[in-house]
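Close look at the chain arrangement
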Amino acid sequence: MNQSLQTVATSDFQEKFQALRSDVMELLLSESGMILSVNETAAAYFSEYDSFFRYVPTKRRQQAKQFLEEVKYRGWCEEVPVCHSFRQDKQYIQYNGEWSEGYILLSGRNISRTRFSIETSELLQQFEHAGAIINADMYIEMYNEAFNHYIHPEPEVGTVSERKAGHESPLHPLAKLEVVPKLVEEVLEKQKPLELEVKNDQAENWLYLKGIYLAETDTVLLMIYDLTYEKKYHRLLTYQDQMESVSYLSAGVAHELRNPLSVIKGFLQLSSLTESFYKYSDTILSEVERMNEIIDNFLSVARKKVQKEWKLPSDLLDSVIDMMRSECLMQGVLFHYEVEPVEGVIEVNESSFKQIILNALRNSMDAFPEGQKNNEFSLNSFEENGHLIIQLKDNGSGIPDHVLENIGKPFFTTKEKGTGVGIPLCKKIMEEHNGTFEVESGPGKGTNINLSFPLYHRE
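Keep in mind the model is a prediction, meaning the values are calculated, not measured. (Residues numbered from 1 in each chain as written. Predicted model: local features only at pLDDT ≥ 70, side-chain atom pairs only at ≥ 80, totals over all residues. Heavy atoms only, no water.)

**Looking at the overall build of the chain**
Helix and strand counts for the chain come out as 11 helices and 19 strands. Relative to its full complement of 459 residues, the chain shows a buried share of 44%. Taking the intrachain contacts of the chain between residues at least 6 apart in sequence as the baseline, contacts between residues at least 24 apart amount to 57%. A total accessible area of about 25,900 Å² is found for the chain, and carbon and sulfur atoms account for 49% of it. (Helix = DSSP H or I, 4+ residues; strand = E, 2+ residues; numbered from the N terminus. Buried < 20%, exposed > 50% of the residue type's maximum accessible area, 1.4 Å probe, protein only. Contact = heavy atoms within 4.5 Å. Areas by Shrake-Rupley, 256 points an atom, 1.4 Å probe, with all protein chains shown as cover.)

Here is the structure:
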C-alpha cells in the first residue's frame, strides 16, 4: 500500500489544482487526512506521510476534521480558513478543497496577521459601541477606542489599534467579562453569530455581547453594548408605572366609597324625614357591608379575585332599583324604569354590579345643567342576542365630542373634584364579567350607557 502511495504526486492532479485556482500551496491527502504529497511551496510547512491534523492546534482539530468531511460529503469547498501551528508559530491558511478519485485535494494561501484591510480598521472605528476582532487563540487583533474601557490594564488611548503576531492583547483579562472567551469559542466552533446578555450585580451593569464569525480570517467580531442606562431607565419607568397603579387604585377606592356613603346619607335623611329608620336599616347596613368589601379588596388586591355568583337579573335589578329610586327622590330627579322578563342567569359580583349602576347615576346627576327642571333618569333592561342589556339614560346636556373621545382614559375628568377613574373602573369590571360598557352621547342629546352581560341557561 505504501509503495503505491509513493507514486502519487501533486503534479498528477495539476488540472484539478488549476481548477481550484490555487495561490501557492498544494496538498494531496488521503481520506483519513494523511499528507501524501505537497508541492514545493507547501513543503516549507508540511511533511509528506504525516497527519494533516498534527499541524492543527488541539482546540482547532475538530473544526479541521469537519472541513475535510465537508469536502468529501459535498465534493468541494471554497475559502475555508484553518488555523495551523508551525514550529510554535500559528498561521492561518485559507483553503479550497476538492474530493477526487478517493483523494482530498487542497490548495491554499497563507493569511498573514496583517490580513485586515484599512477599510476594516476605519469601519471598526466608526462603531459607537465597543468592538474588537479576536482570533482563535483568544487574542485581540484589532479594537476601536470604545473597547479600551474593557481591557485591563487599560492601553493607551488612541485610534484603532492593530496588534502584530506575538504582541496581541490577551482577551482573558477583560474586566468583569469572564464569559467572553466562552462566547468567542462557541462562535468559532459553530461559525454563526451568537449573543449574550450579562449582568454584573455588584457594579449594577448590564452588557449585551454579540459575536459575529468572520469566515475569511477565522476570527470573531465581538461587539459590546452597554445597556446599563437603558435598564435603569426601564426600572424607573416600571417604578413610575407601579406608583401610577397605586395612585389609580387608591383614587378608585376613594371614588367607589362615595357611592355607598351617598346611599347611606340619602337613606338616613329619608328615614329622618319619614321617622321610619328601621324601614331602611337593612339597606343602610348592606351598604356598610359593601364599603367593607371595597376596603377588603383594596387591602388584598394582590391575592384576591372577584367572587362571582349566579344571579337572576330580576333579583339584581330589584335591589338596585330601590337604591336608585331613593337617590333620585333625594336629588329631585324623576326616575323611570322598565324591566322585561328574561330567561337565564348571569354570573356576576353583586357589589361590582351595583357599583357600575350607581356610578352611572351619580355621573348623570353631576352632569345635569344647573337650574334645569324636570331632570330625568331611566333604566331599561331586556334580552338581546343571548345577552342581558341594561340601558341607562338621562336628559342632561350631553357630552361634547372631544370629551367623549377621552372619557375612558384613566384620570381624565372634567369635574373640579373628580378623580377620572369611575368610567375606566366600570369598563374594567365589565371586562371581568365578559361584558361591554358603551357610552353614547352628544351635545343636547343626553347620555346613554349600554351594559351587556352574557346570559347563561343552567340546568
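**With respect to the sheet that holds strand β2 (residues 35-38)**
A sheet is described by the order of its strands in space; here five strands give the open sequence β2-β1-β5-β4-β3, paired in antiparallel fashion. One side of each edge strand has no neighbouring strand; the edge strands of this open sheet are β2 and β3 (76-86). Going from strand to strand, the sheet's axes swing by 30° on average, the running direction of each strand aside. Its contacts with the sheet place helix α3 (residues 61-74) against β1 (25-29), β3, β4 (89-100) and β5 (103-111), and it is angled at close to 155° to β3. (Pairing = 2+ DSSP bridges. Axes fitted to C-alpha atoms, helices over the stretch in contact; angles between N-to-C directions.)

**Here's the deal with a nonpolar patch on the surface**
A contiguous nonpolar patch, built from L268, F277 and Y278 and spanning about 360 Å² of accessible area, is present on the exposed surface. Mapped onto the fold, Y278 is located in helix α7 (residues 277-299). Judged by its relative accessible area of 73%, Y278 falls in the exposed class. (Patch = residues over 30% accessible without salt bridge, like charges linked within 9 Å, V, L, I, M, F, W, Y side chains within 5 Å. Salt bridge = Lys/Arg side-chain N within 4 Å of Asp/Glu carboxyl O.)

**Quick word on the nonpolar core**
Ranked by internal contacts, the top residues of the largest apolar core, which has 45 residues, are M324, F353, I390, L392, F437, L451 and F453. Core analysis: the second largest hydrophobic core is formed by 25 residues, Y150, V180, L222 and I224 among them. (Core = buried A, V, L, I, M, F, W, Y, C linked by side-chain atoms within 4.5 Å.)

**Looking at the confidence of the model for the chain**
Of the residues in the chain, 74% have a pLDDT of 70 or more, and the chain-wide mean is 76. Here residues 153-168 is modelled with pLDDT under 50, and outside its nearest four sequence neighbours on either side it reaches 36 contacts, counting other chains as well. (pLDDT = per-residue confidence, 0-100.)

**Focus: the packing of aromatic side chains**
Under the counting rule described, the total for this entry stands at 12 aromatic pairs. Taking the centre distance of 5.0 Å and the plane angle of 55° together, the rings of Y45 and F86 count as tilted. Of this pair, Y45 sits in the loop between β2 and α3 while F86 sits in strand β3; the two residues are 41 residues apart in sequence, bridging distant segments of the chain. Since its relative accessible area comes to 24%, Y45 is described here as partly exposed. (Phe/Tyr/Trp six-rings, centres within 6.5 Å; stacked < 30°, edge-to-face > 60°.)

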